[in-house]
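# Descriptive analysis of the structure
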Amino acid sequence: MVKREQYITNIMLDLGVPAHLRGYRYLREAVLMSMDDMELVGSVTKLLYPEIAKKFHATDQKVERGIRNAIEVSWDRGNKETFTEIFGYSALDGRSRPTNSEYIARLADKVRLDFRE
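What this report covers is the structure whose coordinates are included nearby.

## Notes on the overall build of the protein chain
- Summing up its helical and strand segments, the protein chain has seven helices and zero strands in all.
- Over its C-alpha atoms the protein chain spans a radius of gyration of 13 Å, differing by no more than 12% from the 13 Å that the globule rule assigns to 117 residues.
- Based on the C-alpha atoms only, the size of the protein chain along its principal axes is roughly 35 × 30 × 25 Å.
- Counting across all 117 residues of the protein chain, residues that qualify as buried make up 46%.
- Considering only contacts in the protein chain between residues 6 or more positions apart, those separated by 24 or more positions represent 60%.

## As for the pattern of salt bridges
- Inspection of the entire model under this criterion finds nine salt bridges.
- Ionic pairing is found between Asp-36 and Arg-4, a salt bridge with its closest N-O pair at 3.0 Å. Residue Asp-36 is located in helix H2 (residues 22-36), and its partner Arg-4 is located in helix H1 (residues 4-14); the two are separated by 32 residues in the primary sequence.
- Owing to a relative accessible area of 56%, Asp-36 belongs among the exposed residues under this scheme.
- Of the charged contacts, one joins Asp-109 and Arg-106 as a salt bridge, the two residues approaching to 3.5 Å between their closest N and O atoms. Placement of the pair is Asp-109 and Arg-106 together in helix H7 (residues 100-116), with a separation of three residues, close to one helical turn.
- Taking relative accessible area as the criterion, Asp-109 reaches 24% and is therefore assigned partly exposed.
- By relative accessible area, which is 28% here, Arg-106 ends up partly exposed.
- When salt bridges that share partners are traced, they join Arg-106, Asp-109 and Arg-112 into one network.

## As for the side chain of Asn-100
- Mapping Asn-100 onto the fold places it in helix H7.
- Excluding residues that lie within four positions of it along the chain, Asn-100 makes contacts with Tyr-49, Glu-64, Ile-67, Arg-68 and Ile-71.

## Things to note about helix H4 (residues 44-56)
- Along H4, the residues that are buried comprise Val-44, Leu-48, Tyr-49, Ile-52 and Ala-53.
- Looking at the residues trailing H4, positive phi occurs at His-57, about 55 degrees.

## Some details on the packing of aromatic side chains
- Evaluation of the coordinates by the stated rule reveals seven aromatic pairs.
- For the pair Trp-75 and Tyr-89, a centre-to-centre distance of 5.9 Å together with 70 degrees between the ring planes defines the contact as edge-to-face. Taken together, the residues span a long stretch of sequence, with Trp-75 in helix H5 (residues 60-77) and Tyr-89 in the loop between helix H6 (80-87) and H7 at a distance of 14 residues.
- Measuring from centroid to centroid gives 5.2 Å for Phe-87 and Tyr-103, while their planes differ by 35 degrees, and the two rings are tilted. Placement of the pair is Phe-87 in helix H6 and Tyr-103 in helix H7, with a sequence separation of 16 residues. Comparing Phe-87 with Tyr-103 shows no difference in burial state: the two are buried.
- Taken together, the ring pairs in this structure connect Trp-75, Phe-83, Phe-87, Tyr-89 and Tyr-103 into an aromatic cluster.

The rules we used
- Residues numbered from 1 in each chain as written.
- Predicted model: local features only at pLDDT ≥ 70, side-chain atom pairs only at ≥ 80, totals over all residues.
- Heavy atoms only, no water.
- Helix = DSSP H or I, 4+ residues; strand = E, 2+ residues; numbered from the N terminus.
- Rg over C-alpha atoms; globule rule 2.2 N^0.38 Å.
- Buried < 20%, exposed > 50% of the residue type's maximum accessible area, 1.4 Å probe, protein only.
- Contact = heavy atoms within 4.5 Å.
- Salt bridge = Lys/Arg side-chain N within 4 Å of Asp/Glu carboxyl O.
- Phe/Tyr/Trp six-rings, centres within 6.5 Å; stacked < 30°, edge-to-face > 60°.

Here it is in structure tokens:
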């Protein structure tokens, strides 16, 4: 059986999140933490970013910026079919990218549901 972290990694790579970006690690951690407590997604600036910052010895602002950058890069370069499958839309639809909290919440929910089955 595939571990949750590996499963998230596979989805993120398919979405086009480059593994060399610092935001990649922050984003994966945000999804893992949100899977266990979806309340974190409702308060990313007060709860989620500070926890990730503490773990990676960074600032809340660097965590937010890193995640935003990783999402922007994936939105531009990622697999549009995967975006459509997970989010219901992609850059091809002319829509703007999901917000950090939308992106994290949707991935966390998908992984949680996939592991429940």
